[in-house]
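Each chain, written out:
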Amino acid sequence: AKSAGGNRYETADPEADARAITRHGLTTALPAALERGEFFIEYQPLVDMCDGKVHGAEALVRWCHPQHGVLGPDQFIPLAEHTGLIIPLGRWVLQEAVRQARYWQEHHADLGPVRINVNLSPTQLQHPGLVKETVAVLEGSGLAPGSLCLEVTESALIGADEGLLRPLRQLAELGVDIALDDFGTGYSNLANLRRLPVSILKLDRSFTKGMQHLPVDPVDLKIVEGIVSLAHSLELAVTVEGVETGAQADQLRELGCDTAQGWYYARPGPPEKLHALSLADAV
Ligand code: C2E
Ligand code: CA
Ligand code: CA
Ligand code: CA
């Protein structure tokens, strides 16, 4: 559960919601929801910490449920994973997000060469059609592979064998960026990073939480500083998530983080919100 004052779909009593919305009810409603077009995507800008410009966005899926209103991914992605619906749902998200990125590139040149980040769940990673389908989506839309970043959580890759890494390696060779999402939450062996086909490290929000207000705990600073320098020495770019305050942003920029994402810049929103940002510049 997220803290109060979070996303728009939050209600006063999330526990009561969770009870009311039975797991079973949601699970059985999932397939029809996809057919009825009840899912939609919000986009959250990714901001270059050097020049403050928006250079991409992460696609975050939501479900507009006819009875329960807008549900966040935490409420249905685990169910979709469990039932296998994540495969068609994930395919839809990829298709839709890639189409949107291509649209931005063609019709909003002022945004620059917008990149799009799409989340991949562990089940999708194991799906044999992943590489073929991703290539087909890119070719169908005309989006360059280099404009797509697939985010895989650190926990999904802990202990991953070559079989699991192969599709990611193939996609990386085609030019697709692979980001290690929620980095720092999975206790993975840092030395292991070298054998993963990733080019971006997404530092989890838990690391940057302590930087919301000054003064910042010097130990927190040292940890982030260490991760950033390790990442850079492995030629990985560092994205920080959950940047909520200007103080945090300043600190993280100073520590050498490359890209930032968080409420300080913009909350996830409809694609049109990005158009407005392009004119204003995020910071
Ligand atoms: P994530 O990939 O770590 O995405 C970042 C989450 O942090 C998003 O929550 C976002 O709304 C939230 N967030 C962004 N900035 C801030 C901030 O400044 N402060 C705080 N407190 N939160 C912030 P959201 O949209 O609820 O998504 C939750 C998770 O659901 C995502 O975590 C991701 O793992 C998963 N998810 C979302 N869309 C998809 C999808 O299409 N496919 C799959 N497989 N998973 C998805
Ligand atoms: Ca993500
Ligand atoms: Ca994340
Ligand atoms: Ca996270």
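Since the model is a prediction, treat every value here as computed from it, not as a measurement.

(A) Fine view of the overall build of the protein chain. Check the secondary structure of the protein chain and you find 12 helices and 9 strands. A burial count over the protein chain gives 48% of its 283 residues as buried. Contacts in the protein chain between residues at least 24 apart in sequence constitute 67% of all its contacts with a sequence separation of at least 6. Here the protein chain has roughly 13500 Å² of accessible surface; of this, 54% comes from carbon and sulfur atoms.

(B) Seen up close, the coordination of the calcium ion (ligand 3). At this site the calcium ion (ligand 3) is bound by Asp-181 (OD), Asp-182 (OD), Glu-241 (OE) and Glu-241 (OE), with donor distances of 2.2 to 2.5 Å. Counting residues between consecutive donors of the calcium ion (ligand 3) along the chain gives the motif D-D-x58-E. In this structure, the calcium ion (ligand 3) lies 3.8 Å away from the calcium ion (ligand 2), the two metals sharing Asp-181 as a donor. With Asp-182 in strand E6 (residues 177-183) and Glu-241 in the loop between strand E8 (237-240) and helix H11 (246-254), this residue pair connects regions lying 59 residues apart in the sequence.

(C) Geometry of the coordination of the calcium ion (ligand 4). Within the protein, the calcium ion (ligand 4) binds to Asp-182 (OD), Asp-204 (OD) and Glu-241 (OE); these donor distances fall in the range 2.6 to 2.9 Å. Mapping the donors of the calcium ion (ligand 4) onto the primary sequence yields the spacing D-x21-D-x36-E. In this structure the calcium ion (ligand 3) is found 3.3 Å away from the calcium ion (ligand 4), and Asp-182 serves as a bridging donor for the pair. Taken together, the positions of Asp-182 in strand E6 and Asp-204 in the loop between strand E7 (200-203) and helix H9 (205-208) put the pair 22 residues apart, joining distant regions of the chain. Of the residues examined, Asp-182 reaches a relative accessible area of 25% and is grouped as partly exposed. Accessibility expressed as a relative area gives 12% for Asp-204, which makes it buried.

(D) Main features of the environment of Asp-220. Position of Asp-220 among the secondary structure elements: in helix H10 (residues 218-233). Given the relative accessible area of 25%, Asp-220 is considered partly exposed. Through-space distance from the C-alpha of Asp-220 to that of Thr-208 is 8.2 Å; in sequence the pair is 12 residues apart. Discounting chain neighbours no more than four positions away, the residues touching Asp-220 are Gly-210 and Met-211.

(E) The packing of aromatic side chains, seen in detail. In this structure the tally under the stated criterion is 5 aromatic pairs. Note on Tyr-264 and Tyr-265: the rings are 5.0 Å apart at their centroids and 70 degrees apart in plane angle, and the pair reads as edge-to-face. Taken together through their ring pairs, the aromatic side chains of Phe-39, Trp-63 and Phe-76 make up a single cluster. Positioned over the ring face of Trp-263 is Arg-267, at 3.8 Å from the centre of the ring.

(F) View of the confidence of the model for the protein chain. For the protein chain, per-residue confidence averages 88 on the pLDDT scale, and 89% of positions sit at 70 or higher. Below pLDDT 50 for its whole length, residues 1-6 participates in 11 contacts with residues either more than four positions away or in separate chains.

(G) Unusual backbone geometry, seen in detail. Positive phi outside glycine occurs at Asp-182, with the angle close to 55 degrees. The phi dihedral of Glu-235 falls on the positive side, at around 60 degrees, and the residue is not glycine.

(H) Representation of the pattern of salt bridges. Evaluated as defined, the whole model comprises 11 salt bridges. The partner of Arg-102 in a salt bridge is Glu-106, with the nearest N and O atoms 3.4 Å apart. Separated by 4 residues within a single helix, Arg-102 and Glu-106 lie in helix H4 (residues 86-107), roughly one turn from each other. Its salt-bridge partner being Arg-253, residue Asp-250 comes within 3.2 Å of it at the nearest N-O pair. Here the residue Asp-250 and the residue Arg-253 both occupy positions in helix H11, the gap between them amounting to 3 residues, near one helical turn. Beyond isolated ion pairs, a larger network of salt bridges with shared partners links Glu-58, Glu-151 and Lys-202.

About the thresholds
Residues numbered from 1 in each chain as written. Chains lettered and ligands numbered in written order. Predicted model: local features only at pLDDT ≥ 70, side-chain atom pairs only at ≥ 80, totals over all residues. Heavy atoms only, no water. Helix = DSSP H or I, 4+ residues; strand = E, 2+ residues; numbered from the N terminus. Buried < 20%, exposed > 50% of the residue type's maximum accessible area, 1.4 Å probe, protein only. Contact = heavy atoms within 4.5 Å. Areas by Shrake-Rupley, 256 points an atom, 1.4 Å probe, with all protein chains shown as cover. Donors = N, O, S within 2.8 Å, 3.2 Å for Na, K, Ca; no water. Phe/Tyr/Trp six-rings, centres within 6.5 Å; stacked < 30°, edge-to-face > 60°. Lys NZ or Arg CZ within 6 Å of the ring centre and 35° of its normal. pLDDT = per-residue confidence, 0-100. Salt bridge = Lys/Arg side-chain N within 4 Å of Asp/Glu carboxyl O.

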